[in-house]
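# Tertiary structure, described
This is what each chain is made of:
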Amino acid sequence: MNDPKEDLQHIRQMMERSSRFISLNGLSGVAAGTIALIGAAIAYWLFQQQGIDYFSGNRYAYDNDLEWKLVLLAAVVLILAVGSGILFTIQKSKRNGLKIWTGTTRLLLSHLLVPLIAGGLFCMALLYHGLFGLIAPATLLFYGLALVNAAKYTFSDIQYLGYCEIFLGIVAAFIPGYGLVFWALGFGVLHIIYGLLMYKKYK
């Protein structure tokens, strides 16, 4: 005779699988964070190549060439980070015998993409008006809002990462000139810490 407690636990696990996207891999966070830190280091090197001491506290007028190099770098970092996340997610799904594209996946993406797309358009407006100092805070803020918004369709732990990203974005907005530092902390260090914690908890 089956143990009623085991049956209830099995049912609860099935309901969890059907209502939440559980294929997120902690290693994807580590990979994304590492890529972000490499990107921040390259950005700092680009500043150095232009004779700009980023940590001097002085305000500089960046030329168009440097601005577009930084935009291109951010785009490459984004593509690599997202690509690594997709790769690790697919591998975990296959390993656990789970489908990737489900109704829950669509809900997760819709709740994640709305703040991200809005934030991307807002950052384009900041770039258009030359308000470069607010771009890094805005990316952190909208990314954090996206994570909090999507947390109900995946591991609830992700909302805490979202809150930390929002906090860093707000603080960065009040300390202009150090966006690269906050960007590295938010997208680099926090992702690595979160990814390691997730990998240990859900491996």
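For the structure itself, consult the block above.
Here goes a summary of the coordinates provided. One numbering rule holds for all chains: residues counted from 1, following each sequence as written. Since the coordinates come from a predicted model, pLDDT governs what is reported: local features require at least 70, and pairs of side-chain atoms require 80 or more to be given and counted, while whole-chain, interface and lining totals use all residues. Side-chain numbers come from the whole structure's heavy atoms, not from hydrogens or water.

## Notes on the overall build of the protein
Which entries qualify depends on this criterion: Numbering of helices and strands runs from the N terminus, with a helix taken as a DSSP run of H or I at least four residues long and a strand as a DSSP run of E at least two residues long. Summary of the burial criterion: residues with accessible area below 20% of their type's maximum are buried, those above 50% are exposed, and those between are partly exposed, where the area comes from a 1.4 Å probe applied to protein chains only. Here, two residues are considered to be in contact whenever any of their heavy atoms come within 4.5 Å of each other. Throughout, the Shrake-Rupley method with a 1.4 Å probe supplies accessible areas, and for residues the shown protein chains are the sole cover considered.
What the protein contains, in helices and strands, is seven helices and zero strands. The buried share of the protein, reckoned over its 203 residues, is 35%. Partitioning the contacts of the protein with sequence separation of at least 6, the portion at a separation of at least 24 is 74%. Carbon and sulfur atoms make up 69% of the accessible area of the protein, which amounts to about 12,400 Å² in all.

## Points about the side chain of His-191
Tracing the chain through its elements places His-191 in helix 7 (residues 179-202). According to the relative accessible area criterion, His-191 is buried, its value standing at 9%. Leave out the neighbours within four places in its chain, and His-191 touches Gly-29, Val-30, Ala-32, Gly-33, Tyr-143, Leu-161 and Gly-186.

## Topic: the packing of aromatic side chains
Here is the rule we go by: Between the rings of Phe, Tyr and Trp (Trp by its six-membered ring), a pair exists once the centres lie within 6.5 Å; its type follows the angle of the planes, with under 30 degrees stacked, over 60 edge-to-face, and the other angles tilted.
Within the structure shown, the criterion is met by four aromatic pairs. When the ring of Phe-122 is compared with that of Phe-142, the centres are 5.7 Å apart and the planes differ by 45°; the resulting orientation is tilted. Placement of the pair is Phe-122 in helix 4 (residues 103-128) and Phe-142 in helix 5 (residues 135-150), with a sequence separation of 20 residues. Using a relative accessible area of 41% as the deciding quantity, one classes Phe-122 as partly exposed. When the ring of Trp-183 is compared with that of Phe-187, the centres are 5.2 Å apart and the planes differ by 45°; the resulting orientation is tilted. Placement of the pair is Trp-183 and Phe-187 together in helix 7, with a separation of four residues, close to one helical turn.

## Quick notes on the packing of helix 5 against helix 6 (residues 158-174)
Counted only if it meets this: A fitted line through C-alpha atoms represents every axis, and for helices the fit uses only the stretch in contact; the resulting angles, taken between N-to-C directions, go from 0 to 180 degrees. Geometric relationships in this document are graded by angle, where less than 35 degrees denotes roughly parallel, more than 145 denotes roughly antiparallel, 65 to 115 denotes roughly perpendicular, and other angles denote oblique. The handedness criterion is simple: a crossing whose near helix is rotated anticlockwise from the far helix by less than a right angle is left-handed, and one whose near helix is rotated clockwise is right-handed.
The interhelical angle for the contact between helix 5 and helix 6, taken along N-to-C directions, is 160°, at an axis separation of 7 Å. With respect to helix 6, the axis of helix 5 lies roughly antiparallel. Where helix 5 crosses over helix 6, the two elements pack in a sense that is left-handed. In contact with Pro-137, Leu-140, Leu-141, Tyr-143, Gly-144, Leu-145, Leu-147 and Val-148 of helix 5, helix 6 contributes Ile-158, Gln-159, Leu-161, Gly-162, Tyr-163, Glu-165, Ile-166, Leu-168, Gly-169, Ile-170, Ala-172 and Ala-173.

## Overview of a nonpolar patch on the surface
Applied cut-off: Exposure above 30% relative accessible area and the absence of a salt bridge qualify a residue for a patch, where like charges join within 9 Å and nonpolar side chains (Val, Leu, Ile, Met, Phe, Trp, Tyr) within 5 Å. The term salt bridge refers to a pairing of a side-chain nitrogen on Lys or Arg with a carboxyl oxygen on Asp or Glu at a separation within 4 Å.
Taken together, the side chains of Leu-109, Leu-113, Leu-116, Ile-117, Leu-121 and Met-124 define a hydrophobic patch exposed on the protein surface, amounting to about 540 Å² of accessible area. Classification of Leu-109 by relative accessible area gives partly exposed; the value is 32%.

## Points about the environment of Leu-73
Relative to the helices and strands, Leu-73 resides in helix 3 (residues 64-96). Classification of Leu-73 by relative accessible area gives buried; the value is 15%. Spatially, the C-alpha atoms of Leu-73 and Ile-42 are 8.2 Å apart, while their sequence positions differ by 31 residues. With residues near it in sequence (within four places) discarded, Leu-73 still touches Gly-39, Ile-42, Ala-43 and Leu-46.

## As for the environment of Ile-158
Note on placement: Ile-158 falls in helix 6. Owing to a relative accessible area of 11%, Ile-158 belongs among the buried residues under this scheme. Through-space distance from the C-alpha of Ile-158 to that of Tyr-194 is 8.3 Å; in sequence the pair is 36 residues apart.

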